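Structure at a glance
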Amino acid sequence: MNMNDYKNKRVPPDWCPGCGNFAQLSAITMALAELKIDPKDVVVASGIGCSSNMPEFLNTYGFHGLHGRLVPFAAGVKWANSKLTVIAYGGDGDGFFEGTQHFYHTAKRNVDITYMVSDNQVFGLTTGQASPTAPIGLRTKTTPDGNIETPFNPIAFALNAGATFVARAFSGDVKHLKDITVRAIKHKGFSFIDVISPCVTWNKENSYEYFRPRVYHLENNDVTNFDQAYKLAFEWGDHIPIGVFYEVERPTYEDLDEVLKDGPLVEQKVHTLTEEDLEEFA
């Protein structure tokens with residue numbers, strides 16, 4: 001298989017030219033091809049936003065849901081059929097406003113899915129309002145005098161929530177993004193990737209030119225060291241780390257749940273309750 005086997009040839013991407021989402025589409029298709037996962041065994045769930053159009057451009061199963069609600073749907077798919085490769089994909093506005101509770105609890109439960117966020121500090125689809133990750137001082141339609149709110153820290157949030165794989169990538173470095181995506185999908189547990197993805201239309205300040213000289217690859221860091229990962233999560237500005245911050249093995253929700261540990265629900269026999277069963281539950 002090659003990356004083109006995972007692309008929907010009938011529906012071409014319609015993002016703005018130069019949008020970082022193109023790089024993430026390439027990274028996902030290249031990662032799936034490298035892992036040789038059959039398209040019929042992949043489900044991509046999304047919410048609302050420019051980035052959330054992703055399932056339409058992939059030759060896999062997909063779900064386009066409500067704003068911020070993609071992660072619980074992805075978890076439900078995994079619980080129904082744990083043999084599937086499940087990817088939740090959305091934007092920073094989608095995932096870090098309404099989606100924060102879902103993000104937190106799914107990470108805490110260590111559900112075996114991959115959650116990739118296209119993070120560009122603005123709401124792209126609704127024409128450039130400040131998102132939760134907007135830096136202080138960013139001028140947008142909702143912050144004409146400059147953003148005054150402390151930006152949301154996705155890496156620190158994921159670590160606090162209990163995610164067992166936490167990474168950051170940059171859409172300006174597709175090969176590195178692909179490598180991170182492969183590693184995230186292979187990880188057994190909740191994998192989170194925050195992708196720095198410049199919005200070329202609505203965020204002229206945080207551009208590719210801004211990020212390229214600032215990002216650097218994490219190398220030889222101890223990915224099992226939580227304290228080190230947490231310290232790196234707050235490194236931002238002139239030096240912005242990309243790569244895997246944290247990766248540990250921990251039993252997944254599916255491993256521990258009384259029903260799910262017996263295998264995919266779709267393969268389990270349906271048990272019809274008897275009168276004796278009902279008396280037991282009475």
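For clarity, every value in this text was computed on a predicted model and none was experimentally measured. (Residues numbered from 1 in each chain as written. Predicted model: local features only at pLDDT ≥ 70, side-chain atom pairs only at ≥ 80, totals over all residues. Heavy atoms only, no water.)

**Let's talk about the overall build of the protein chain**
Formally: Counting from the N terminus, the helices are DSSP H or I runs at least four residues long and the strands are E runs at least two residues long. Relative accessible area decides the class of each residue, using a 1.4 Å probe on protein chains only: under 20% of the type maximum gives buried, over 50% gives exposed, and in between gives partly exposed. Every residue pair with non-hydrogen atoms within 4.5 Å of one another is taken to be in contact. Areas reported here follow the Shrake-Rupley algorithm with a probe of radius 1.4 Å; residue values treat only the protein chains shown as occluding.
Regarding its fold elements, the protein chain presents 10 helices and 10 strands. If you line up the protein chain on its principal axes, its C-alpha atoms span 70 × 45 × 40 Å. Here the protein chain holds 282 residues, and 53% of them are scored as buried. Taking contacts inside the protein chain between residues at least 6 apart in sequence as the whole, the part at least 24 apart equals 71%. Summed over all atoms, the accessible surface of the protein chain reaches about 13500 Å², with 54% contributed by carbon and sulfur.

**What to know about the environment of Arg 109**
Here Arg 109 is to be found in helix α4 (residues 100–109). Separated by 80 residues in the primary sequence, Arg 109 and Gly 189 have C-alpha atoms spaced 8.9 Å apart. With near-sequence residues (within four places) excluded, Arg 109 lies in contact with Trp 79, Thr 252 and Tyr 253.

**With respect to the packing of helix α2 (residues 70–80) against α4**
Test applied: Axes here refer to lines fitted to C-alpha atoms; in helices the fit is confined to the stretch in contact. Angles between the N-to-C directions go from 0 to 180 degrees. Comment on the angle field: the value is read as roughly parallel under 35 degrees, roughly antiparallel over 145, roughly perpendicular from 65 to 115, and oblique elsewhere. Residue type decides the class: Asp, Glu, Lys and Arg count as charged, Ala, Val, Leu, Ile, Met, Phe, Trp, Tyr, Cys and Pro as nonpolar, and the leftover types, Gly among them, as polar.
As a packed pair, α2 and α4 sit with axes 9 Å apart at the nearest point and diverge in direction by 30°. Taken together, the axes of α2 and α4 are roughly parallel relative to one another. Each of Val 71, Pro 72, Ala 75 and Trp 79 in α2 lies in contact with α4, whose residues at this interface are His 102, Thr 106 and Arg 109. Here the contact of α2 with α4 is composed, by residue class, of four nonpolar, two polar and one charged.

**Digging into the packing of helix α1 (residues 21–35) against helix α6 (residues 174–186)**
Applied cut-off: Crossing handedness is read from the near helix: turned anticlockwise from the far helix by less than a right angle, it gives a left-handed crossing, and turned clockwise, a right-handed one.
For the pair α1 and α6, interaxial distance at closest approach is 8 Å and the crossing angle is 50°. If you check the angle between α1 and α6, you find them oblique. Here α1 and α6 pass one another in a crossing that is right-handed. Along its contact with α1, which presents Ala 23, Gln 24, Ser 26, Ala 27, Ile 28, Met 30, Ala 31, Leu 32, Glu 34 and Leu 35, the element α6 presents Val 174, Leu 177, Lys 178, Thr 181, Val 182, Ile 185 and Lys 186. Grouping the constituent residues of the contact of α1 with α6 by class yields 11 nonpolar, three polar and three charged.

**Structural notes on α1**
Note the threshold: What a helix is expected to span follows from its residue count: subtract one and scale by 1.5 Å.
Along its 15 residues, α1 runs 21 Å from first to last C-alpha, staying within 8% of the 21 Å computed at 1.5 Å per residue. Those residues of α1 not exposed but buried are Asn 21, Ala 23, Gln 24, Leu 25, Ala 27, Ile 28, Thr 29, Ala 31, Leu 32 and Ala 33. Summarising the contacts, the buried residues of α1 are in contact with β1 (42–46), β3 (85–91), β4 (114–119), α6 and β8 (191–196). Positive phi appears at Lys 36, one or two residues downstream of α1, with a value of about 55°.

**Remarks on the packing of aromatic side chains**
This is how it is decided: Two aromatic rings from Phe, Tyr or Trp, using only the six-membered ring of Trp, form a pair when their centres are within 6.5 Å; if the ring planes differ by under 30 degrees the pair is stacked, by over 60 it is edge-to-face, and anything between is tilted. Should the NZ of a Lys or the CZ of an Arg lie within 6 Å of a ring centre and within 35 degrees of the ring normal, that charge is described as sitting over the ring.
This model, assessed by the stated rule, comprises 22 aromatic pairs. Arranged with centres 6.1 Å apart and planes meeting at 50°, the rings of Phe 170 and Tyr 208 form a pair that is tilted. With Phe 170 in strand β7 (residues 165–170) and Tyr 208 in helix α7 (residues 208–211), this residue pair connects regions lying 38 residues apart in the sequence. Note on Tyr 208: relative accessible area 14%, which makes it buried. Residues Tyr 210 and Phe 211 carry aromatic rings whose centres are separated by 5.1 Å and whose planes lie at 90° to one another, so their mutual orientation is edge-to-face. We note Arg 214 situated over the ring of Tyr 210; from NZ or CZ to the ring centre the distance is 3.9 Å.

**Re unusual backbone geometry**
Its identity as a non-glycine residue notwithstanding, Asn 110 has a phi of 55°, on the positive side. Here Asn 110 falls in the buried class, since its relative accessible area comes to 0%. Positive phi values are uncommon outside glycine, yet Thr 127 reaches one of about 75°. Here Thr 127 shows up in the loop between β5 (122–123) and β6 (129–130). Judged by relative accessible area, Thr 127 falls into the partly exposed class, the value being 28%.

**Side note on the side chain of Asp 119**
The line we're drawing: Neither His nor the chain ends is counted toward charge; the positive residues are Lys and Arg and the negative residues Asp and Glu. We define a salt bridge as a side-chain nitrogen of Lys or Arg found within 4 Å of a carboxyl oxygen belonging to Asp or Glu.
Inspection of the secondary structure puts Asp 119 in strand β4. Buried and unpaired, Asp 119 has no salt bridge, with Arg 168 as the nearest side chain of opposite charge at 6.8 Å. Excluding its chain neighbours within four sequence positions, the residues that come into contact with Asp 119 are Asp 92, Phe 96, Thr 133, Pro 154, Asp 194, Val 195, Ile 196 and Ser 197.

**Some remarks on the sheet that holds β8**
Backbone-to-backbone hydrogen bonds join strands into a sheet, with any given pair of strands oriented parallel or antiparallel. Formally: Any two strands are treated as partners once DSSP identifies two or more bridges connecting them.
Taken in spatial order, the eight strands of this open sheet run β2-β1-β3-β4-β8-β7-β10-β9, and their pairing is mixed. Every other strand in the sheet has two partners, leaving β2 (61–64) and β9 (215–217) as the edge strands with one partner each. Sheet twist, expressed as the average angle between the axes of neighbouring strands with direction ignored, equals 20°. Where β4 and β8 come together, six bridges link them in parallel fashion. Note that in β8 the partner of Ser 118 across the bridge is Val 195. Across the sheet, α1 touches β1, β3, β4 and β8, and the angle it forms with β4 is around 160°. Contacts between α2 and the sheet are confined to β1, β2, β3 and β4, with β3 contributing the most and set at about 175° to the helix.

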